[in-house]
Amino acid sequence: MIFHVDGQAPYEDVLTLLDLRDPGIIHGGFDFLADLYIELGDAVSRLSLVSDMTGLELNLPGELAKAADEIVPAEFTLQFLDAYQSARFRYGPARGWMHVNEVLLRGAVGFDAPPPLVDGALDALILGGRIQGFSLEELIPDEDGDGTGSSLSLALPVRLERLVARQIDVSGVRFNDVTLEGEIAAGPSLNLDLTLTSADIAGSLAIADGVPIQLDLEILRLPGQTVQLEDAVPAADPLTVEVLKELVDVDVTVDRFLVGATDFGDWSFQLRPEPGGVSLNGLEASLRG
């Protein structure tokens, strides 16, 4: 039996269809056109759907975020299998596949590129291709006002396979064409092991429960600043005490630190926030010779 449907759906209906728990990132609803194939024999029943996603809000990083009134063409095909639902989709610059059964079981997504080729039985979400970029603050949010910390909770590991970000913003400093590889572990807290490669930043970043963040960079280049004296405006103090709220335990090693074209040598230190201040321990540097 084939049903052609011209209808509307709130996001709760999508969760029911996918047999998926609410991830807390979807709001609203959308209009759609769909064909539902109900197979009475051994063939697999399936649903094919197209929509411009108007009315649906998605709280996702970077260009995957969507306001309710924004138009983003989407195509979606869902197969109803015995063990899980198998979905193939195209949403804006992303296309890929996922297996879902109450939670996301596995999948692969390519951005402006085909999804990475992976073992279909691998329990992970694989991301590849090229994205416009993101800010670090939206990917790794600060602690909530109630002190409960980030709401990030992954049902399965996320692996980055040569994912290129055209731009990454870190508190106003922008790094261009950064290639990301590594894994973000599943669980309620942020645990990751990544390598970064670009002209201005290259190295590794590791975050794990109970130990300081490990930032080991081969190169870090910050933008230089050229200001005409007659036009100079006093800059805000970059070391205002307000910055203390943003600091975390981190062990830093930088083999080559530059500001513009000026080489400030190699650095290593341990940053430890404490009540009323911060400690800079084990500082070793070779500064301008």
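Residues numbered from 1 in each chain as written. Predicted model: local features only at pLDDT ≥ 70, side-chain atom pairs only at ≥ 80, totals over all residues. Heavy atoms only, no water.

S.K.: Any chance you could explain the overall build of the chain here in plain terms?
M.R.: Helix and strand counts for the chain stand at 2 helices and 19 strands. Carbon and sulfur atoms form 55% of the exposed surface of the chain, whose accessible area is close to 17,200 Å². (Helix = DSSP H or I, 4+ residues; strand = E, 2+ residues; numbered from the N terminus. Areas by Shrake-Rupley, 256 points an atom, 1.4 Å probe, with all protein chains shown as cover.)

S.K.: Sorry if this is basic, but what is going on with the pattern of salt bridges here?
M.R.: Where charged atoms from two side chains of opposite charge approach closely, those side chains can pair. Tallying each qualifying case throughout the model produces 10 salt bridges. A salt bridge links Glu 183 to Arg 159, with the shortest nitrogen-to-oxygen separation between them at 3.0 Å. Here Glu 183 is found in strand β11 (residues 173-184), whereas its partner Arg 159 is found in strand β10 (residues 158-170), with 24 residues between them in sequence. Between Arg 221 and Asp 200 there is a salt bridge, and its shortest N-O distance comes to 3.0 Å. (Salt bridge = Lys/Arg side-chain N within 4 Å of Asp/Glu carboxyl O.)

S.K.: In this structure, what is going on with the environment of Arg 256? I would like to understand it.
M.R.: Tracing the chain through its elements places Arg 256 in the loop between β15 (250-254) and β16 (257-259). Here the alpha-carbon distance between Arg 256 and Leu 220, two residues 36 residues apart in the chain, equals 6.4 Å. In this structure Arg 256 touches Glu 218, Ile 219, Leu 220, Asp 263 and Gly 265, once residues within four positions along its chain are discounted. (Contact = heavy atoms within 4.5 Å.)

S.K.: I keep staring at unusual backbone geometry and nothing clicks. Help me out?
M.R.: Among all residues except glycine, the phi angle is most often negative; among peptide bonds, the trans geometry is most common. Not every positive phi belongs to a glycine, and Met 53 is a case in point at roughly 65 degrees. Within the secondary structure, Met 53 is located in the loop between β3 (46-51) and β4 (56-58). Phi angles above zero are rare outside glycine, and Arg 162 is one such case at about 50 degrees. In this fold, Arg 162 is placed in strand β10.

S.K.: Can you help me understand the side chain of Ser 45 in this one?
M.R.: Structurally, Ser 45 is set in the loop between β2 (26-37) and β3. Owing to a relative accessible area of 18%, Ser 45 belongs among the buried residues under this scheme. Reaching out from Ser 45, the side chain makes a polar contact with the backbone nitrogen of Glu 39 at a distance of 3.0 Å. Contacts of Ser 45, omitting those with residues within four sequence positions, involve Tyr 37, Ile 38, Glu 39, Leu 78, Gln 79 and Phe 80. (Buried < 20%, exposed > 50% of the residue type's maximum accessible area, 1.4 Å probe, protein only. Polar contact = N/O pair within 3.5 Å; in protein donor to acceptor, adjacent residues only side chain to side chain.)

S.K.: Can you help me understand the packing of aromatic side chains in this one?
M.R.: The relation between two aromatic rings is expressed through the spacing of the ring centres and the mutual angle of the planes. Inspection of every chain in the model, using the stated rule, returns 2 aromatic pairs. Summarising the aromatic geometry, the rings of Phe 257 and Phe 264 are spaced 6.1 Å apart at their centres and angled 45 degrees between planes, so their arrangement reads as tilted. Its guanidinium or amino end placed over the ring of Tyr 37, Arg 46 lies 4.0 Å from that ring's centre, counting from NZ or CZ. Against the face of Tyr 84 rests Arg 106, its NZ or CZ located 5.7 Å from the ring centre. (Phe/Tyr/Trp six-rings, centres within 6.5 Å; stacked < 30°, edge-to-face > 60°. Lys NZ or Arg CZ within 6 Å of the ring centre and 35° of its normal.)

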